[in-house]
Amino acid sequence: QQQVKQSPQSLIVQKGGISIINCAYENTAFDYFPWYQQFPGKGPALLIAIRPDVSEKKEGRFTISFNKSAKQFSLHIMDSQPGDSATYFCAATPGGKLIFGQGTELSVKP
Amino acid sequence: EAGVTQFPSHSVIEKGQTVTLRCDPISGHDNLYWYRRVMGKEIKFLLHFVKESKQDESGMPNNRFLAERTGGTYSTLKVQPAELEDSGVYFCASSQRGLAGFFYSYNEQFFGPGTRLTVL
């Protein structure tokens, strides 16, 4: 059973555009929602994270929007750059183990 | 400071053979996690150590998988005997312990580069 659903599976965006990746969860015990970025040959690395008492968190060009009632959260990458091309994973946790979404392969075209 | 390291980076074995994966966490990190990603699917949790103790092994697929963390430092994950469906990328992650008395940590998990296991 997939506890965190992520979409789309792949995304192609032009340089300077906005990349949007969506995730939904079921378990209301989840109370920490990180996003991880993974480049080929590397392990996932924490990009940005949010707690459910906040509806939005912004760090540079990366923003998480969180809708607790809908049990959905999304990652927005503003002014997307070719260097942002990577696989992005949303995750959720009640503390401890991470429950990941399926991943989104983002390609930013010059 | 050195990050999480994993060895080997890639392993190709025949069905029925045994493979042992190793993870060296960041020094001082009490929490150590094992995850696995089967091609194209989500990264799935396998188990969680706090120091040398198994805190949560609910994600271990079956008894062909054995994880150890002797002395609370490095960890090994042994698959014996390996099956075709065990193929995938095995990630190890470590994090600092949470607040005193608080078992579950929201501290950042630092991932290693993974071991790609191919079972033929």
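Structure first, text after, so check above.
Asks: Provide a residue-level description of the state of the cysteines, including the pertinent values.
Replies: Residue and element names in this part refer to chain A. The full count for this structure, using the stated rule, is two disulfides over all chains. At a sulfur-sulfur separation of 1.9 Å, the disulfide partner of C23 is C90. Disulfide C23-C90: the torsion about the S-S bond is -95°, which places it as left-handed. Of this pair, C23 sits in strand β3 (residues 19–25) while C90 is found in strand β9 (residues 86–92), placing the two residues 67 residues apart along the sequence.

Asks: So what's going on with the interface of chain B and chain A? Residues and values would help.
Replies: Contacts between the two partners involve 19 residues from chain B, matched on the other side by 22 residues from chain A. In this assembly, chain B packs against chain A so that about 1600 Å² is buried in total across both faces, 56% of it on carbon and sulfur atoms. Connecting chain B to chain A are one salt bridge. The salt bridge partner of B:D56 is A:K97, with a shortest N-O separation of 3.6 Å. Here chain B and chain A share five residue pairs in polar contact (both at pLDDT 80 or more) between them. Here the side of chain B that touches chain A gets three residues from one element, more than from any other, and that element is strand β4 (residues 31–37) of chain B.

Asks: Now, about the packing of aromatic side chains: what can you tell me, with residues and values included?
Replies: Applying the stated rule across the entire model yields 17 aromatic pairs over all chains. Note on A:Y25 and A:F30: the rings are 6.2 Å apart at their centroids and 50° apart in plane angle, and the pair reads as tilted. By relative accessible area, A:Y25 is classed as buried at 5%. An aromatic cluster is defined as three or more aromatic residues linked by ring pairs; in this entry it consists of A:Y36, A:F89, A:F100, B:Y33, B:Y35, B:F45, B:F91 and B:F111. Over the face of the ring belonging to B:Y74 we find B:R22, whose NZ or CZ atom lies 3.8 Å from the ring centre.

Criteria and cut-off values
- Residues numbered from 1 in each chain as written.
- Chains lettered and ligands numbered in written order.
- Predicted model: local features only at pLDDT ≥ 70, side-chain atom pairs only at ≥ 80, totals over all residues.
- Heavy atoms only, no water.
- Disulfide = S-S within 2.5 Å.
- Helix = DSSP H or I, 4+ residues; strand = E, 2+ residues; numbered from the N terminus.
- Contact = heavy atoms within 4.5 Å.
- Buried area = accessible area lost by both parts, 1.4 Å probe.
- Salt bridge = Lys/Arg side-chain N within 4 Å of Asp/Glu carboxyl O.
- Polar contact = N/O pair within 3.5 Å; in protein donor to acceptor, adjacent residues only side chain to side chain.
- Phe/Tyr/Trp six-rings, centres within 6.5 Å; stacked < 30°, edge-to-face > 60°.
- Buried < 20%, exposed > 50% of the residue type's maximum accessible area, 1.4 Å probe, protein only.
- Lys NZ or Arg CZ within 6 Å of the ring centre and 35° of its normal.

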